[in-house]
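Each chain, letter by letter, is given below.
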Amino acid sequence: MPTQPSLEDLRRYAVARTLFRPTTLPAAIQRLGFVQADPIRAPARAQDLTLRHRVKDYRAGDLERRYARLAIDEDCFVNYGFLPSTHLALMHPRQPKKTWNAETQRKAADVLAFVRERGVVHPREVEQHFAHGRVQNYWGGSSNASTQLLDGMHYRGLLRVKRRDSGTRVYEVATHPPADDSPTAGALRAAALLELILRKYAPLPAASLTYLARLLGYGAPHLAAQTQAALRLAREHLASCRIDGTTWYWPVDENPRSRRYAVDDSVRLLAPFDPVVWDRRRFALLWDWTYKFEAYTPPARRQYGYYALPMLWRDQVIGWANVSARDGQPEATFGYAAGPAPKAAAFRNALEEELHRMELFLSPR
């Protein structure tokens with residue numbers, strides 16, 4: 001009987017399997033399956049900070065600059081981000097939990113006809129043409145009603161993001177192939193979505209796998225029952241082990257104990273939503289401390305900083321950095337989870353190299 005992996009094996013596996021050798025931008029997104037987006041730029045957006053470790057010669061903003069020429073889409077999965085266009089067929093036509101009333105349906109039909117006639121439309125054009133006014137947003141404030149309607153049309157698969165202009169989504173009419181709505185096809189799509197989750201975030205504690213399956217209610221709310229059925233089957237057939245009372249899951253065709261999952265001596269400053277650190281439950285189990293994303297925490301209550309980037313050295317997340325850019329030069333402050341910074345020259349050299357890579361990443365094309 002094969003020896004089950006240790007926690008050290010799982011830690012090394014978690015790091016090495018996702019920090020693959022840098023490749024092209026399309027290949028990296030295909031391999032990741034999904035890249036979470038975030039609008040905060042500190043010192044760059046989360047999607048850029050994630051891709052810089054996985055795309056050769058990546059610069060901040062490359063994804064937005066090249067987006068329109070790539071077979072990728074902005075859309076919802078377990079949260080909002082970028083994914084290969086081929087994955088859209090697993091979630092569309094999306095059937096939201098909240099249905100539109102007759103008036104909203106009429107407005108959406110009018111806007112859809114307008115976008116179809118124009119080809120590509122900026123939200124400003126929609127507002128100027130229709131004058132939808134203001135509405136209350138999710139946070140209790142006031143938002144442009146046209147922008148909210150466009151968001152809803154995008155979520156429902158009526159529109160897609162063609163590109164961004166200065167960060168604003170510019171839309172065109174979306175087209176989706178006819179979907180098989182049979183129970184069997186729905187079950188297969190749910191299983192494929194769950195597989196995408198596992199491939200991106202493995203190894204996963206059992207509770208995290210369950211949590212991510214629930215988050216699929218964002219990208220595929222109409223497949224909720226099929227997703228739960230797929231989760232039950234996954235628990236029976238995935239590779240797994242139990243360590244200190246926690247059950248871990250990973251794909252059956254991977255072996256966490258394999259020598260192929262070797263880590264290097266690099267220091268990497270990771271995005272708060274990088275696959276290595278995204279799952280806070282897994283983070284605490286693997287590295288024995290709690291990392292928090294504090295951008296929306298009042299300053300006086302922050303422990304790590306506004307946009308702390310977890311600091312990975314070899315296979316250990318040893319602390320964090322807050323990085324700003326001044327005249328193209330990164331300026332960083334550091335904190336460490338267990339005492340002072342490592343004294344080893346190897347660490348100092350690796351950190352210096354990472355800051356140099358950050359400088360190149362932030363420099364313009």
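The shown structure was predicted, so the numbers you read here are calculated from the model rather than taken from an experiment. (Residues numbered from 1 in each chain as written. Predicted model: local features only at pLDDT ≥ 70, side-chain atom pairs only at ≥ 80, totals over all residues. Heavy atoms only, no water.)

Chemist: What should I look at first to understand helix H7 (residues 145-155) in this one?
Modeler: Along H7, 8 of the 11 residues are buried, which leaves the element largely enclosed by surrounding structure. Considered for burial, the residues of H7 that qualify are Ala145, Ser146, Leu149, Leu150, Gly152, Met153, His154 and Tyr155. Once H7 ends, the next one or two residues include Gly157, with phi positive near 85°. (Buried < 20%, exposed > 50% of the residue type's maximum accessible area, 1.4 Å probe, protein only. Helix = DSSP H or I, 4+ residues; strand = E, 2+ residues; numbered from the N terminus.)

Chemist: I would appreciate a short explanation of the side chain of Ser146 in the present structure.
Modeler: The residue Ser146 is located in helix H7 in this model. Looking at Ser146, the relative accessible area reads 0%, which means it is buried. When neighbours within four sequence positions are excluded, Ser146 is seen to be in contact with Val126, Glu127 and His132. (Contact = heavy atoms within 4.5 Å.)

Chemist: Could you clarify how one ought to interpret the pattern of salt bridges in this entry?
Modeler: Any two side chains of opposite charge can pair, given that their charged atoms come close. All told, the structure shown has 26 salt bridges when counted by the stated rule. Of the charged contacts, one joins Asp274 and Arg54 as a salt bridge, the two residues approaching to 2.8 Å between their closest N and O atoms. A residue pair is termed long-range when its members are at least 10 positions apart, and Asp274 in the loop between strand E11 (267-269) and helix H11 (280-287) and Arg54 in the loop between helix H3 (46-51) and helix H4 (62-66) qualify at 220 residues. On the basis of relative accessible area, Asp274 is assigned to the buried category, the value being 0%. Assessed through its relative accessible area of 0%, Arg54 is described here as buried. Connected through salt bridges with shared partners, the residues Arg17, Glu195, Arg199, Asp253 and Glu254 form a single ionic network. (Salt bridge = Lys/Arg side-chain N within 4 Å of Asp/Glu carboxyl O.)

Just geometry here; none of it tells us what the structure is for.
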